[in-house]
Amino acid sequence: MHLDIIATAQLNDEEAGALRALHAAVYTPTPRAEKTNMRREWALPQWSIMIRGVDGQLVSHVGVVTRLCLCDDKETLIGGIGGVKTHPSQRGKGYAGAGLRRAIEFLQGEMAVDMSLLFCGPQMRRYYRRFGFTSFVGDLLVRQDREKTLFPRDEVMVMPVMKPLPQCAVLDLCGLPW
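Just so it is clear, the model here is predicted, and its values are computed rather than measured.

**Description of the state of the cysteines**
Think of a disulfide as a covalent bridge from one cysteine sulfur atom to another cysteine sulfur atom.
Consideration 1: Scanning all chains against the criterion turns up one disulfide.
Consideration 2: Each disulfide pairs two cysteine sulfurs, and for C71 the partner residue is C168, the sulfurs being separated by 1.7 Å. The disulfide joining C71 to C168 has a torsion of about -110 degrees about its S-S bond and is therefore left-handed. Placement of the pair is C71 in strand 3 (residues 58–71) and C168 in the loop between strand 9 (156–160) and strand 10 (170–172), with a sequence separation of 97 residues. For the pair C71 and C168, one class covers both residues: buried.
Consideration 3: C174 supplies the cysteine sulfur nearest to C69, a cysteine that is in no disulfide, at a spacing of 5.7 Å.

Structure (C-alpha cells):
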C-alpha cells in the first residue's frame, strides 16, 4: 500500500482520471436518488489522500478540507474529511482506515485544526467511531442553493483534534458540506 497527499488542484491527468474512475465504481446512480431529487451539493476537497494497492492502482481515496467555521458565532478551524471511498473489490483490506489515519495526522500536524467533522449515513457511524468520531449534538448549518440550511443531525460526526470539542448549539460551516 502506498499513500500520497496531493493538493487536489495539483492532480495530474492520470491521477484525476483514476479518481473519476474510482468515484464511478463506488457511486453508481440509484433510481431512488433520481426519483426523490435528494441531490446535495458538496465542496471539493482541498487535498486528496490517494491510496494505491501493491500493483500501483488507485484503490481508495480520502478527501480533506479545512475551513474557518462559526461555533455559536466564534471562529473555529475545522478539518473536514469527505469523499472517503474504496473500490468495491478492495474493501475490507484496511485501505480507507489507513487513509483516515493519515488524514487525522495531517489535520493535527500540518493543519493544526481545532476539530474534525465528517458526514456519513447511519450504516457507517460504527466504523467512524473506531477512529474517535462521535455524534454531533448541535444544529449544523450548511449552504445549499446559496442559502443556509439545516443539515440532518444524524449524518454528522465530530472529533477533537487540537482542542477539546466545543459544545456548539449551532455550528455554521459557512459553505458547502464536504
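Back to the write-up after that little detour.
**Examining the environment of G79**
Consideration 1: Inspection of the secondary structure puts G79 in strand 4 (residues 74–86).
Consideration 2: On the accessibility criterion, G79 (0% relative accessible area) is buried.
Consideration 3: Counting along the chain gives 68 residues from G79 to L11, while the straight-line C-alpha distance between them is 20 Å.
Consideration 4: For G79, the residues in contact, after removing those within four places along its chain, are V65, T66, L107, V113, M115, S116 and L117.

**Observations regarding the packing of aromatic side chains**
By convention here, two paired aromatic rings are described through the distance between centres and the angle between planes.
Consideration 1: According to the stated counting rule, one finds eight aromatic pairs in the structure shown.
Consideration 2: Taking 6.3 Å as the distance between ring centres and 80 degrees as the angle between the ring planes, the aromatic pair formed by Y128 and F133 counts as edge-to-face.
Consideration 3: Put simply, the rings of W42, F119, F151 and W178 pair up and form one aromatic cluster.

**What to know about the pairing of strand 5 (residues 115–119)**
Consideration 1: Within strand 5, five of the five residues are buried, which leaves it mostly tucked inside the rest of the structure.
Consideration 2: Side chains M115, L117 and F119 of strand 5 all project onto a buried face; the interleaved residues S116 and L118 project onto the opposite face, where all are buried too.
Consideration 3: Pairing geometry for strand 4 and strand 5, over four bridges, is parallel. If you follow I81 over to strand 5, its bridge partner there is L118.
Consideration 4: Each parallel crossover has a hand, and the one from strand 4 via helix 3 (residues 95–108) to strand 5 is right-handed.
Consideration 5: By the bridge criterion, five bridges tie strand 5 to strand 9 in an arrangement that is antiparallel. Bridging across to strand 9, S116 finds its partner in M159.

Rules of the game
- Residues numbered from 1 in each chain as written.
- Predicted model: local features only at pLDDT ≥ 70, side-chain atom pairs only at ≥ 80, totals over all residues.
- Heavy atoms only, no water.
- Disulfide = S-S within 2.5 Å.
- Helix = DSSP H or I, 4+ residues; strand = E, 2+ residues; numbered from the N terminus.
- Buried < 20%, exposed > 50% of the residue type's maximum accessible area, 1.4 Å probe, protein only.
- Contact = heavy atoms within 4.5 Å.
- Phe/Tyr/Trp six-rings, centres within 6.5 Å; stacked < 30°, edge-to-face > 60°.
- Pairing = 2+ DSSP bridges.
- Right-handed = clockwise from strand over helix to strand, strands pointing away.

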